[in-house]
Structure formats: C-alpha cells, structure tokens
Amino acid sequence: MFTGNNNRLLGFGFVFLLSLSVHAAGDFEAIGNDEDEIETPTCSQFFDDLADYGTECVEIARGMWQDATTVSALTPSSPWLAKEVARDITKRKEQRILEIGFGPGSVTKYIIKKMHPKSTLDGVEIMEDLYKYAERRFPKTEYEKVNLVCGDFVTWKPTYEQYDVIITTVPFTKLPFEVVKGILEKILKLLKPNGKLSCIALMGSRTLGYCSWDREKRRTYAEKINLLDSWKRENFTQETPVRIWLNLTSAYAYHLTKNA
C-alpha cells in the first residue's frame, strides 16, 4: 500500500498547501555561515524536499500502524526544524556526530549535507521499519562515514567514548520517566566537555501534559519536566530556544553546550 511512487504522491499531497504558503513567504532559507551554509534550493529542489517530507510522514504513519508503542513522534521533523537542529554541524572541522532516534532520516539528510568529509555520523533508531527505510535511503556503499543501527539507545554500545555533537528530535516528555532518565544519563556520558547538544520540545506540550484528568499521570509528567529542567540547568549552558512554526506540530529547538 505505502510503496514506490505512491509514497511520494501521498507525501507531496500531504504538504502541498504548506509548501504554497511557505513559498509565498520566502521562508525556505539556508542556515549557517560561509561554507557551512546549505545552498538555497531551486524551486524544483524545494518541492523535492517537501515531497521527501511527505514520504517521511507516510513512513512514520506506517510505523505507528505496526507498533504505536515504539513511535514517540506523530510526525517527522519538517525541513525547517531539521535544518535548525543540524546547525552545529560544520564543514570546517572533523566531528564525531551522534543522532538519537533518526526515524526516516529527516535530520540525517541535513547532517550529511553539512558534514566535513572526515566527520563520522552514528545514528540509533529503536523502530525497525524506520531504521530499514533510512538504511535504504542512506546505503553504506554511498555513505561510508554514516553508521546507522537499530536498537535501544540506552543499551547501545557506542563507536566512540565521546562525541562532539549529539542531535535528537525525540520528544522526551512522551517517553516513560525511567527511559528519559536513562537517555539523559547516557547523553551526558557520551557528549564531550564543550560539546554541542541539539534537541526539541513541541510547543504547548507542557500545558497539555498537565491537563490529564489522571492525577498520577500529572505527577509523573511533572517529575519528567523537573528532571529535564534540572539536567539542563546543572550540566549545560543554554541558548534562547528557537521557535520553529513551520512544523506540523510547531516546536522549539534547543541548543546547549556541555559545561567543561
């Protein structure tokens, strides 16, 4: 059902109205500076990127259909959110990069575009179908410096002791408390001092999290928020979050630098 050209047709239709509004606003711009910039796309590339995004939406939907318990995000990151969280990837120097929960490769695509030729990218995805899709999209024969694996990040054995940049678009507040705790502890261990972490939070998620009628769910949610806030405050220097409106669920992109 969701195969071949049908994916792209569904994807293109899914984002067609969004693409028109963005094209009119002229909001599809490059990020970074000098050689780190991703070139501003032509009209054809612009719609190709949006069609890719639609295909990614279909892959997420397929994953949820098969096993909703392992898909924490309802939609993939839009091109605008993906480019923002990949901001610290640079062509200027070699980096060891880690992406947690790469899904269908929405952010991976932009990381690869911005990587130094000698940089390496490790990616971990728990959902097997999304991993298989990304593996086909970025085959090892073409992307020798990209190592994508399927597994649980908390138990995954990393390639390196520490990384220069860690990127994740996993919405932490949708995960169980113990899972969040395990992920945060491992990120802190794997990110080198002065290393860069980019992550996201969906707009309105905190308000919605406290709206449950279930008192126990509200208590657990508050525990996760307190854990995340104290973890960031105690271990990182944080920039002002960047609002990304052009995402199916508008989001904040957070850029943090680990304390030395």
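On a predicted model such as this, the values are computed, not experimentally measured, just so you know.

Novice: Kindly report on the pairing of strand E5 (residues 191-202), identifying the contributing residues and their values.
Specialist: Of the pairings in the sheet, the one linking strand E4 (residues 163-168) to E5 comprises 4 bridges and is parallel in character. When the sheet's bridge partners are listed, Ile166 is paired in E5 with Leu197. Handedness of the β-α-β unit built from E4, helix H6 (residues 177-190) and E5 comes out right-handed. Where E5 and strand E8 (residues 251-258) come together, 7 bridges link them in antiparallel fashion. Looking across to E8, one finds that Ala201 is bridged to Tyr252.

Novice: Give a detailed account of the packing of aromatic side chains, specifying residues and quantitative values.
Specialist: Under the defined criterion, the tally for this structure stands at 5 aromatic pairs. Ring geometry for Tyr252 and Tyr254: centres 6.4 Å apart, planes at 50°, overall tilted. Classification of Tyr254 by relative accessible area gives buried; the value is 12%. Seen from the ring of Phe153, Lys186 lies directly overhead, with NZ or CZ sitting 5.4 Å from the centre.

Novice: Tell me what's going on with unusual backbone geometry, and back it up with residues and numbers.
Specialist: In the Ramachandran plot, Asn194 falls in the positive-phi region, its phi being about 70° despite a non-glycine side chain. Relative to the elements of secondary structure, Asn194 occurs in strand E5. Here Asn194 falls in the partly exposed class, since its relative accessible area comes to 49%.

Novice: Please give an account of H6 that cites residues and values.
Specialist: For H6, which comprises 14 residues, the first-to-last C-alpha distance of 20 Å matches the rise-based estimate of 20 Å (1.5 Å per residue) to within 8%. Looking only at H6, the buried set comprises Val180, Gly182, Ile183, Leu184, Lys186, Ile187 and Leu190. Of the surrounding elements, those touching the buried residues of H6 are strand E1 (96-100), E4, E5 and helix H8 (215-235).

Novice: Tell me about the pattern of salt bridges, and name the residues and values.
Specialist: For the structure shown, the criterion picks out 6 salt bridges. With a shortest N-O distance of 2.5 Å, Lys192 and Asp164 are connected by a salt bridge. Residue Lys192 is found in strand E5, and its partner Asp164 is found in strand E4; the two are separated by 28 residues along the sequence. Residue classification places Lys192 among the partly exposed residues on the basis of a relative accessible area of 33%. Residue Glu223 pairs with Arg219 through a salt bridge whose shortest N-O separation is 2.4 Å. Of this pair, Glu223 and Arg219 both sit in helix H8, separated by 4 residues, roughly a single helical turn.

Reading the values: rules and limits
- Residues numbered from 1 in each chain as written.
- Predicted model: local features only at pLDDT ≥ 70, side-chain atom pairs only at ≥ 80, totals over all residues.
- Heavy atoms only, no water.
- Pairing = 2+ DSSP bridges.
- Helix = DSSP H or I, 4+ residues; strand = E, 2+ residues; numbered from the N terminus.
- Right-handed = clockwise from strand over helix to strand, strands pointing away.
- Phe/Tyr/Trp six-rings, centres within 6.5 Å; stacked < 30°, edge-to-face > 60°.
- Buried < 20%, exposed > 50% of the residue type's maximum accessible area, 1.4 Å probe, protein only.
- Lys NZ or Arg CZ within 6 Å of the ring centre and 35° of its normal.
- Expected span 1.5 Å × (residues − 1).
- Contact = heavy atoms within 4.5 Å.
- Salt bridge = Lys/Arg side-chain N within 4 Å of Asp/Glu carboxyl O.

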